[in-house]
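Below, each chain spelled out in residue letters.
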Amino acid sequence: ATANIGVVGLAVMGSNLARNLASREGNTVAVYNRTWARTESLIEEHPEAEFVQAKSVEEFAASLQKPRTAIIMVQAGRGTDAVIDQLTQVFEPGDIIVDGGNALFTDTIRREQAVSAKGLHFVGAGISGGEEGALNGPSIMPGGSPESYETLGPILKSIAAVAEGEPCVTHIGTDGAGHFVKMIHNGIEYADMQLIAEAYDLLRNSAGLTPAEIADVFTEWNRGELESYLIEITAEVLRQVDARTGKPLVDVILDQAGSKGTGVWTVQTALNLGVPVSGIAEAVFARALSSKPAQRAAASELPGPSTPARVEDRDAFVEDVRRALYASKIIAYSQGFDAIAAGADEYGWNIDLGSVAKIWRGGCIIRAVFLNRITDAYTEQPDLVSLVTAPYFTEAVAGEQDSWRRVVAHAATSGIPTPAFSSSLAYYDGLRAKRLPAAVVQGQRDFFGAHTYKRVDAEGTYHTLWSGDRTEIEATDSH
Ligand code: NDP
């Protein structure tokens, strides 16, 4: 046995990860794929990696030093289960199986239980950064036992992205914690992308900027607090000219957004946990709305505002949109971190939220300078109940909010859909409200369903006899 690490599944992600591993000092990488042709071509194309090739899972197990450590990068779902099944038959107690695919965290919890019952370690590790990240340095979110991280940690640190001198990997928590955090990462990514798209829509369709001009605006924004990978690549997309038509590429791309499901998982999970992730949910719904061509065609002649709002001062409007984007982004991240905190509570994970922000600074799609602020906020106040209440963010939003309100009002009066901008503002106003109309909802619930209510001025639970003499009684048990 010569290899200290193995990779199973050599499609684009697995082969890039294997090459990344092989390029680091001290690693010898065993590779195995169900279909031999894939292994063969990887070895032929990259002799420099000096891979240890395995034609069978038995050969693969024999090529690994103990405790054996193998990273699975196969199709999520049944493919992953099949490979885990094979590995558990040839691995021994103490060996470590890592699933680097995009697994649903509840699957990871289930798999961890099954694998650890056999004395092996199972680590669900979220890996972000796509193909490029897998090859040159992803952000890695491993779950699993702290014991397995002792072996795995140094290997993952050697291949992770580096941000400000620190590798973008940390042990997130036990069993499904890593895949949970990766899922929320993707949800935040949906929200961030939608917010940037809404900013584009306002600049294009209300202020009348061309895609190339908006690209310049985004490049400018990328020098300030919005500096991020997503702003940077959006500028590149907007600058791209279609070779066939000579038009901006964005004008010939069909406006129906696809998805692979991690945004939906985030929202479903947040609904179950009772966490309002409205920014992420609106982003998921916006993609769904875009992908309904029949409904959109049927509705395309519905009337808009009779007198759409006009942009009087372009520069001032661009600046307002920038500020609105920043404030909305703070809300989207605040909601995402709330979801992580709620998941940690529900599943008994001890997740350090500041470290999560830290490992997202490099390698992943939502990498941004702004994440340093989140780390600072949780470092200064580890028991912070909501990111938006941290002094830096409170001040930032206070500074942007007039612009934010103007932009949302402008969007509404001009008929430009800004679900993520608008819902983020509504969330902010809801959160800071001293009194919410939830009192009315409680009254309604008590009226039709005797669901009872609590009072602001007394302990206990109450019910008004709505269909009787409308006196109030103290309810003995909650309904
Ligand atoms: P695919 O998701 O396309 O999966 C193909 C690989 O899975 C092949 O190696 C295939 O083997 C193997 N496979 C499928 N079914 C089985 C099975 N039943 N038994 C054994 N092997 C099987 O590969 P990708 O490289 O695109 O993605 C790998 C993982 O990484 C996925 O979980 C995906 O969700 C995730 N991913 C993550 C990204 C990120 O940014 N983090 C980006 C893209 C993917 P064979 O050659 O024999 O068919």
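Everything numeric in this text was worked out from a predicted model, so none of it was measured.

Peer 1: Explanation requested: helix α9 (residues 211-221) in the structure shown.
Peer 2: Every α-helical turn comprises 3.6 residues, leaving residues that sit three or four positions apart pointing alike. Along α9, the positions that sit buried rather than exposed are Pro211, Ile214, Ala215, Val217, Phe218 and Trp221. Buried residues along α9 cover an arc of 160° about the axis, so they all sit on one side. Along its buried surface, α9 packs onto α8 (177-205), α10 (229-239), α11 (249-252) and α15 (314-347).

Peer 1: Just checking my understanding: could you explain the pattern of salt bridges for this structure?
Peer 2: It is possible for side chains of opposite charge to pair when their charged atoms get near one another. Scanning the entire structure with this criterion turns up 24 salt bridges. With its nearest N and O atoms 2.9 Å apart, the salt bridge here joins arginine 204 to aspartate 251. Placement of the pair is arginine 204 in helix α8 and aspartate 251 in helix α11, with a sequence separation of 47 residues. You can call aspartate 251 partly exposed: its relative accessible area is 38%.

Peer 1: Got a minute to help me understand the site of the ligand in this structure?
Peer 2: Near the ligand lie 22 residues; those nearest to it are Met13, Asn33, Thr35, Arg38 and Ile127. Backbone polar atom of methionine 13 to an oxygen atom of the ligand: 2.9 Å apart, as the coordinates give it. Here valine 74 contributes a backbone N or O atom positioned 3.0 Å from an oxygen atom of the ligand. Coverage of the ligand by the protein amounts to 79% of the 900 Å² it exposes when considered alone. Secondary-structure elements contributing two or more residues to the shell around the ligand are α1 (12-22) and α4 (78-90). For the shell around the ligand, the leading source of residues is α4, giving three residues.

Peer 1: Is there a simple way to think about the packing of α8 against α15 in this case?
Peer 2: Working note: a packed helix pair is described by the angle between its axes plus the distance between those axes. Between α8 and α15, the shortest axis-to-axis distance is 10 Å and the interhelical angle comes to 165°. Taken together, α8 and α15 sit at an angle that is classed as roughly antiparallel. Note on packing geometry: the crossing formed by α8 with α15 is right-handed. Between α8 and α15, the contacting residues are Phe180, Val181, Ile184, Ile188, Ala191, Asp192, Leu195, Ile196, Ala199, Leu202 and Leu203 on the first element and Phe317, Val318, Val321, Leu325, Ser328, Lys329, Ala332, Tyr333, Gly336, Ala339, Ile340 and Gly343 on the second. Classifying every residue of the contact of α8 with α15 gives 18 nonpolar, three polar and two charged.

Criteria and cut-off values
- Residues numbered from 1 in each chain as written.
- Predicted model: local features only at pLDDT ≥ 70, side-chain atom pairs only at ≥ 80, totals over all residues.
- Heavy atoms only, no water.
- Buried < 20%, exposed > 50% of the residue type's maximum accessible area, 1.4 Å probe, protein only.
- Helix = DSSP H or I, 4+ residues; strand = E, 2+ residues; numbered from the N terminus.
- Arc of directions from axis to C-beta.
- Contact = heavy atoms within 4.5 Å.
- Salt bridge = Lys/Arg side-chain N within 4 Å of Asp/Glu carboxyl O.
- Near = heavy atom within 4 Å.
- Polar contact = N/O pair within 3.5 Å; in protein donor to acceptor, adjacent residues only side chain to side chain.
- Areas by Shrake-Rupley, 256 points an atom, 1.4 Å probe, with all protein chains shown as cover.
- Axes fitted to C-alpha atoms, helices over the stretch in contact; angles between N-to-C directions.
- Parallel < 35°, antiparallel > 145°, perpendicular 65-115°, else oblique.
- Left-handed = near helix turned anticlockwise from the far one by under 90°.
- Nonpolar A, V, L, I, M, F, W, Y, C, P; charged D, E, K, R; others polar.

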